[in-house]
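One letter stands for each residue in the lines below.
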Amino acid sequence: MFLNNMLTNARFAGVFILLLLLSACARNPVLLQSTYQALPPHTEITSVPFYAQTEFQCGPATLAMVLNHQGVDTDVEELIPQVFLPERDGSVQPEMLATVRRYEHLAYPIRGTMDALLGHLAAGDPVVVMQNLSLPIFPMWHYAVAIGYDLPNKTLILRSGEIERHTMSFSRFDATWARTERWGFVVAKPGTLPARITARNALEAISAYEETQGPRATLSSWQAFVARHPSNAMGQFALGNALYADQQPDAARKAFRRATELDPTMGAAWLNLGLVLAKLEALEAAIDALTQAASLEGSWQQQARLALEALK
């Protein structure tokens, strides 16, 4: 019991998406030359269903579209009480992301650039975007689903409002998107890591999912993360926690060991490695790992010292 409690307490804490500060400036997007070279000139994800957005209900409608696209059986009426805040006359970002996680899917924030947005669309991932359709001083918040683009004509294709196939110029869209700090996300099933998601944003998304669903539920997602980012110490550490929760202590040991190799200053990884080694009755190695954890400043120090005393 002591070991389990210690390991649980050292678990990676999720990083939640905060409400974003709004920018008052907008600029015309200048796409990288590599975007024109790497992406097809046209793409459109026609399989995304359309739900018309009535007044103040664009949040539930956009979620219904992307969740149904992922195979989730839900509709706007079911989503309204989960997302819509009457006192705000709409939906805010944390509720949008939390609702995705309640349906056992992950919400991955994207990099806020037009190049990144178009890249996700080219990869087949519809993107929920937030816009301010009015002036920054008198905002009119709006959610839509970007489903495609036309590079030669510099237009974006959206499921928006009551229009199933709404086209906007890149410059007009980016002006409205910039007023929300270009906030957007893609939805994916556990165990899948969408193309072009940065390591940092993937860590944020999987960690937030772990906060609500528990480490065991994130095992396949951490495995996908580590497969793409094998040299990321935090990913290896989080994978170790998920493997331990899945009752795979030896595999967890390997992941924690790899985390300490990638980042020798990660005290929590040394702590968890020592605790797992103790469980596997490798006492000498456990003492070495816990001693290393106790030598590094941080919240894990006291846990490491208590574990060393228990072993001795």
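First, a word on what this report is: a plain description of the structure on this page. (Residues numbered from 1 in each chain as written. Predicted model: local features only at pLDDT ≥ 70, side-chain atom pairs only at ≥ 80, totals over all residues. Heavy atoms only, no water.)

Quick notes on the packing of helix α8 (residues 199–213) against helix α9 (residues 219–228)
Note the following rule: In this analysis an axis means a line fitted to C-alpha atoms, helices contributing only their contacting stretch, and an angle means the value between N-to-C directions, from 0 to 180 degrees. For helices the rule is a DSSP run of H or I covering at least 4 residues; for strands it is a run of E covering at least 2, with both sets numbered from the N terminus onward. Here roughly perpendicular refers to angles of 65 to 115 degrees, roughly parallel to angles under 35, roughly antiparallel to angles over 145, and oblique to all remaining angles. Should any heavy atoms of two residues lie within 4.5 Å, those residues are counted as being in contact. Each residue receives one of three labels: charged for Asp, Glu, Lys and Arg, nonpolar for Ala, Val, Leu, Ile, Met, Phe, Trp, Tyr, Cys and Pro, and polar for the others, Gly being one of them.
Between α8 and α9, whose axes approach to 10 Å, the crossing angle comes to 170°. Taken together, the axes of α8 and α9 lie roughly antiparallel to each other. Contacts between α8 and α9 involve Ala 199, Ala 202, Leu 203, Ile 206, Ser 207 and Glu 210 from the former and Ser 221, Trp 222 and Phe 225 from the latter. Class assignment for the residues of the contact of α8 with α9 results in six nonpolar, two polar and one charged.

Thoughts on unusual backbone geometry
The cut-off we apply is this: Remark: exposure states derive from per-residue accessible area (1.4 Å probe, protein chains only) relative to the maximum for the residue type, with buried under 20%, exposed over 50%, and partly exposed in between.
In this structure, Lys 154 takes a positive phi of about 55° despite not being glycine. Position of Lys 154 among the secondary structure elements: in the loop between β4 (141–150) and β5 (155–160). The exposure class of Lys 154 is partly exposed, given its relative accessible area of 43%.

Quick notes on helix α4 (residues 76–83)
Side chains three or four residues apart in an α-helix point the same way, a direct result of the helix having 3.6 residues per turn. What counts is decided by this rule: Here the arc refers to the set of directions running from the helix axis out to each C-beta atom. In the analysis that follows, any N or O atom pair within 3.5 Å is treated as a polar contact, provided that within protein one partner can donate a hydrogen and the other can accept it, and provided that, for residues neighboring in sequence, both atoms belong to side chains.
Those residues of α4 that sit buried are Val 76, Leu 79, Ile 80 and Val 83. Summarising the axial view, the buried residues of α4 lie within an arc of 120°, below the 170-degree limit, and thus occupy one face. Set apart from the buried face of α4 by more than 90 degrees, the exposed residues are Glu 77 and Pro 81. On its buried side, α4 packs onto α3 (58–69) and α5 (93–102). Taking the backbone nitrogen of Glu 77 as reference, a side-chain oxygen 3.3 Å away marks Asp 75 as the first, capping residue of α4.

Some words on the pattern of salt bridges
Counted only if it meets this: When a carboxyl oxygen of Asp or Glu is within 4 Å of a side-chain nitrogen of Lys or Arg, the pair counts as a salt bridge.
According to the stated counting rule, one finds six salt bridges in the structure shown. Close ionic contact of Asp 174 with Arg 182 constitutes a salt bridge, the shortest N to O distance being 2.9 Å. The same class applies to Asp 174 as to Arg 182, namely buried. A salt bridge links Lys 254 to Asp 250; the shortest N-O distance between them is 4.0 Å. On the criterion of helical spacing, the pair formed by Lys 254 and Asp 250 is a turn pair, its members being four residues apart in helix α11 (residues 249–262).

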